[in-house]
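Chain by chain, the residues run as shown.
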Amino acid sequence: MWSVIESTTDREDWPQSPPPPWPADVRATIWWHRATDAGRELLPDRSVPVTLVMMVDYLSSPVGPYREILASPTLRRPGHGLGVMPRISVPFIAVDSEVSAHGGRTHWQLPKVLAEFDGDVLIESSASDTDWSVKAHAKGVGPSFPMRGGLGFAQPVDDEFLLAGARLSGKARLCRVKVDATGPTLGSWLKSGTHSGLQIVSGSMVTGPSRLFSALEV
C-alpha cells in the first residue's frame with residue numbers, strides 16, 4: 001500500500017467495517033501550500049505542485065465518530081479520464097478509530113494508521129504518534145457561507161489508480177492556519193508555518209465506492 005513512513009504499519013487484524021457509501025457529518029480545517037521538492041518527488045508525474053492537508057472531526061459515520069488527519073503532497077492533474085478537477089493522492093492518513101482504519105485500507109487503499117488527537121479542529125488541534133506530530137492553530141476569517149462541492153481521490157496501486165469521490169455540502173469560512181509538523185518525512189513535505197485555508201464549520205459528506213483506473217490511460 002502506497003504510504004510514507006508515518007502511515008506505515010504491519011498490523012493486519014483490524015475490526016471489520018461496512019462497505020461504502022459512507023455518509024458522515026463533519027467539521028474540518030483544510031489548508032494548502034506550494035509543494036516542496038520532497039513533496040513533488042512523492043508524486044512526480046502529472047501533478048499540480050500544491051500540498052493539501054485536512055484535519056477532520058467526523059461527528060457521525062457508519063463506524064461512529066472519529067478524528068482524522070490526511071495529506072496529499074501534490075494534486076493529480078485533471079483530464080485524461082481523471083475528471084475535470086484535481087484529485088488528491090494520500091500517502092499519509094491517521095485516525096483514532098480502528099474500524100475507520102479498516103475501512104480506509106480495505107475500501108479505498110488509504111493507508112490509515114492509529115494516532116492520538118486533541119483539541120478542536122476549528123480552533124487548535126493536534127494529531128501525533130511516537131515519531132511524528134502535526135499541530136494546527138486555526139483562525140477563521142470573515143463570515144461563514146454556504147458551500148457545495150466534491151473531493152476526488154486517486155490512490156496509486158501498482159500501475160493503476162483507485163479512484164473515489166466524496167460529495168460535501170454545508171457552511172464554510174476562510175481561515176489562516178499556523179502549522180507545526182515534524183516526523184521522518186512530514187517535516188520535509190508538510191510545511192510548518194502559516195498557510196491559507198478553509199474551514200467546514202458544519203457539513204454533510206458522502207464518500208462513495210472506489211474503482212480501478214489504469215495509469216497507462218493517463
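Note that this is a predicted model, so its numbers are computed, not measured. (Residues numbered from 1 in each chain as written. Predicted model: local features only at pLDDT ≥ 70, side-chain atom pairs only at ≥ 80, totals over all residues. Heavy atoms only, no water.)

### Notes on the overall build of the protein chain
Per the secondary structure count, the protein chain includes 3 helices and 14 strands. Its C-alpha atoms give the protein chain a radius of gyration of 16 Å, near enough to 17 Å, the size a compact globule of 218 residues would have. With the C-alpha coordinates of the protein chain rotated into their principal frame, the extents come out at 45 × 40 × 35 Å. Of the contacts made within the protein chain by residues no fewer than 6 positions apart, 71% connect residues no fewer than 24 positions apart. The protein chain carries 21 positive and 23 negative side-chain charges, and their two centres are separated by 12 Å. (Helix = DSSP H or I, 4+ residues; strand = E, 2+ residues; numbered from the N terminus. Rg over C-alpha atoms; globule rule 2.2 N^0.38 Å. Contact = heavy atoms within 4.5 Å. Lys, Arg positive; Asp, Glu negative; His and termini not counted. Charge placed at Lys NZ, Arg CZ, Asp CG, Glu CD.)

### Examining the pattern of salt bridges
It is possible for side chains bearing opposite charge to pair when their charged atoms get close. By the definition in use, this model includes 7 salt bridges. Linking Asp-13 and Arg-11 is a salt bridge whose minimum nitrogen-to-oxygen distance equals 3.2 Å. Look at Asp-13 and you get exposed, because its relative accessible area is 58%. Here Asp-57 makes a salt bridge to Arg-27, at a shortest N to O gap of 3.5 Å. (Salt bridge = Lys/Arg side-chain N within 4 Å of Asp/Glu carboxyl O. Buried < 20%, exposed > 50% of the residue type's maximum accessible area, 1.4 Å probe, protein only.)

### Section: the nonpolar core
Counting residues in each nonpolar core, the largest one holds 29 residues, and the members touching the most others are Val-26, Tyr-58, Ile-88, Val-90 and Ile-200. Among the secondary structure elements, those contributing two or more residues to this core are β1 (22-34), β3 (50-60), β4 (66-72), β7 (92-95), β12 (160-182) and β13 (193-207). With 5 residues, β1 is the largest single contributor of residues to this core. Look past the residues within four positions of Val-26 in its chain and what remains in contact with it is Val-56, Asp-57, Tyr-58, Leu-168, Ile-200, Ser-202, Gly-203 and Met-205. Membership of the second largest hydrophobic core comes to 25 residues, among which are Val-53, Trp-132, Val-134 and Val-179. (Core = buried A, V, L, I, M, F, W, Y, C linked by side-chain atoms within 4.5 Å.)

### Some remarks on helix α2 (residues 98-107)
Counting buried positions along α2 gives 7 out of 10 residues, so the element sits mostly inside the fold. Every buried residue belonging to α2 is among Ser-100, Ala-101, His-102, Gly-103, Gly-104, Arg-105 and His-107, and all of these are buried. Buried residues along α2 sit against β1, β4, β7, β8 (112-114) and β12. In the stretch just after α2, Gln-109 is the one whose phi turns positive, near 55 degrees.

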